[in-house]
Amino acid sequence: MNSLIRSFRKLVSPCQTESGISTVEVGATMLVFLIALLAVAEMGWFFVHQNTLTSAVREGIRIGTVGATSVDGNGNALSRENSIKQAIQQSASAVMDIDPSQIFIFPVDADWTDPDDPAVVATASAGGAGAFMRVRVNFTHQFFTQLIGGLFGPGDSIVMSSEGTYRNENFILGGGS
């Protein structure tokens, strides 16, 4: 019987010491800390993209409002629509690469809604003097991990959108710069 009790004590004795408990606690704490750190980094990058996108749209609207045009890398004059697109892309270029096909410039209806005809939205038009226009830019934001991306739906990306509505000033077309 004594040998049975001794055997049982040997079996139970490692469980009664606290060696290794600190390692388990540090491991569990580090896991929570790393998840929180990744979440903060993910959301920070998301907000940098959102703010950059909003600022870029604002820059494009400034060009569109006054009817200004710019030139391409070879010195050729750009159309007003392409000047707006170029301003948006250049403003955001330090942080993100905006696809020009995801920049939409179109007139708004009298009740400030988008036109019902998708072809009007798809065809870039900066409008004439006094026209009410809208600039909309879509950007696909890639998350680093599925951790935060999963909160926004399936996949590891989300389409961000920023837009602004403006009224063209009474400018003379063709006299930009």
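As the structure is a prediction and not an experimental result, all values here were calculated from the model.

**Student:** Looking at this structure, I do not really get the overall build of the protein. What am I missing?
**Tutor:** When helices and strands are counted, the protein shows 5 helices and 3 strands. The linear arrangement of helices and strands in the protein, starting from the amino end, is α-α-α-β-α-β-α-β. Relative to its 177 residues, the protein shows a buried fraction of 29%. Taking all contacts inside the protein whose residues are at least 6 apart in sequence as the whole, residues at least 24 apart take part in 65%. Summed over all atoms, the accessible surface of the protein reaches about 11,100 Å², with 60% contributed by carbon and sulfur.

**Student:** Help me out: how do you make sense of the nonpolar core in this one?
**Tutor:** Nonpolar side chains tend toward joint burial in soluble globular proteins. Ile88, Ile98, Val135 and Val137 are the most contacted members of the largest nonpolar core, which totals 21 residues. Those elements giving two or more residues to this core turn out to be α2 (21–66), α3 (80–92), β1 (103–107), β2 (132–142) and β3 (157–167). Ranked by the residues each element gives to this core, the list is headed by α2, at 5 residues. Excluding its chain neighbours within four sequence positions, the residues that come into contact with Ile98 are Leu53, Ile88, Gln89, Ala92, Ile103, Val137 and Phe139.

**Student:** Please clarify how the packing of aromatic side chains should be interpreted in this entry.
**Tutor:** When we look at a pair of aromatic rings, we describe it by the centre distance and by the angle of the planes. Using the criterion set out here, one finds 3 aromatic pairs in the structure. Relative to Phe47, the ring of Phe46 has its centre 5.5 Å away and its plane inclined at 75°; by these criteria the two rings are edge-to-face. The buried category is assigned to Phe46, whose relative accessible area is 11%. Taken together, Phe46, Phe47 and Phe143 form an aromatic cluster joined through their ring pairs.

Basis of the calculations
- Residues numbered from 1 in each chain as written.
- Predicted model: local features only at pLDDT ≥ 70, side-chain atom pairs only at ≥ 80, totals over all residues.
- Heavy atoms only, no water.
- Helix = DSSP H or I, 4+ residues; strand = E, 2+ residues; numbered from the N terminus.
- Buried < 20%, exposed > 50% of the residue type's maximum accessible area, 1.4 Å probe, protein only.
- Contact = heavy atoms within 4.5 Å.
- Areas by Shrake-Rupley, 256 points an atom, 1.4 Å probe, with all protein chains shown as cover.
- Core = buried A, V, L, I, M, F, W, Y, C linked by side-chain atoms within 4.5 Å.
- Phe/Tyr/Trp six-rings, centres within 6.5 Å; stacked < 30°, edge-to-face > 60°.

That's the geometry; what it means functionally is another story.
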